[in-house]
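Structural overview
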Amino acid sequence: MPFANLKVPADTLKPESKKKLIDAVTDAYVDVYGERARATTLVLVEEVPDGGWGLGGDVLTAEMLGRS
């Protein structure tokens, strides 16, 4: 079963954007594995709360990313 675990900043995607992302990732797996993979492809979109990211040892926040 193909599996993709996508982590995104919390509250940055609307439901229709999540659907579009899930569809695109599923289609990418189908492009590689063939149509048989569509029914078993699992895409998990996890929302990471503010401050739950780190890059180079620094905690990233919405303020730092210019989203506040």
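In what follows, the structure referred to is the one given above.
Quick caveat: nothing in here was measured; it's all calculated off a predicted structure. Position numbers for residues start from 1 in each chain and track the written sequence from start to end. At least 70 in pLDDT is required for a residue's local features to be given in this predicted model, at least 80 for side-chain atom pairs to be given and counted, and no such filter applies to totals for whole chains, interfaces and linings, which use all residues. With hydrogens and water stripped out, all remaining heavy atoms of the structure feed into the side-chain values.

Nonpolar cores were defined as sets of buried Ala, Val, Leu, Ile, Met, Phe, Trp, Tyr and Cys residues, with membership established by side-chain atoms within 4.5 Å. Burial classes: relative accessible area under 20% of the type maximum marks a residue as buried, over 50% as exposed, and values in between as partly exposed (1.4 Å probe, protein chains only). Of all hydrophobic cores here, the largest spans 5 residues; its members are Ala-4, Val-8, Val-25, Val-43 and Val-45. Those elements that provide at least two residues to this core are β1 (3–9) and β2 (42–48). Excluding its chain neighbours within four sequence positions, the residues that come into contact with Val-45 are Leu-6, Val-8, Lys-18 and Ile-22. Helix and strand assignments come from DSSP, with helices taken as H or I runs of at least 4 residues and strands as E runs of at least 2, each series counted from the N terminus. When checking whether two residues touch, look at their non-hydrogen atoms; a contact exists if any pair is within 4.5 Å.

This next bit is on the pattern of salt bridges. Any carboxyl oxygen of Asp or Glu within 4 Å of a side-chain nitrogen of Lys or Arg constitutes a salt bridge here. Per the stated rule, a full pass over the model turns up 5 salt bridges. One salt bridge in this structure joins Lys-7 and Glu-46, with 2.7 Å as the shortest N-O distance. Of the two residues, Lys-7 is situated in strand β1 and Glu-46 in strand β2; the sequence distance between them amounts to 39 residues. Overall, Glu-46 belongs to the partly exposed group, its relative accessible area being 30%. Salt bridges here are not isolated pairs; linked through shared partners, they connect Asp-27, Glu-35 and Arg-38.

Take the pairing of β2 next. Walk down a regular strand and you will see the side chains alternate between the two sheet faces. The pairing of β1 with β2 spans 7 bridges and is parallel. Paired with Val-8 across the bridge in β2 is Glu-47. Note that the unit made of β1, helix α1 (residues 15–33) and β2 has a crossover that is right-handed. One bridge is not enough; two strands pair if DSSP finds at least two bridges between them. Every crossover in which the path from the first strand over the helix to the second runs clockwise, viewed with the strands pointing away from the viewer, is termed right-handed.

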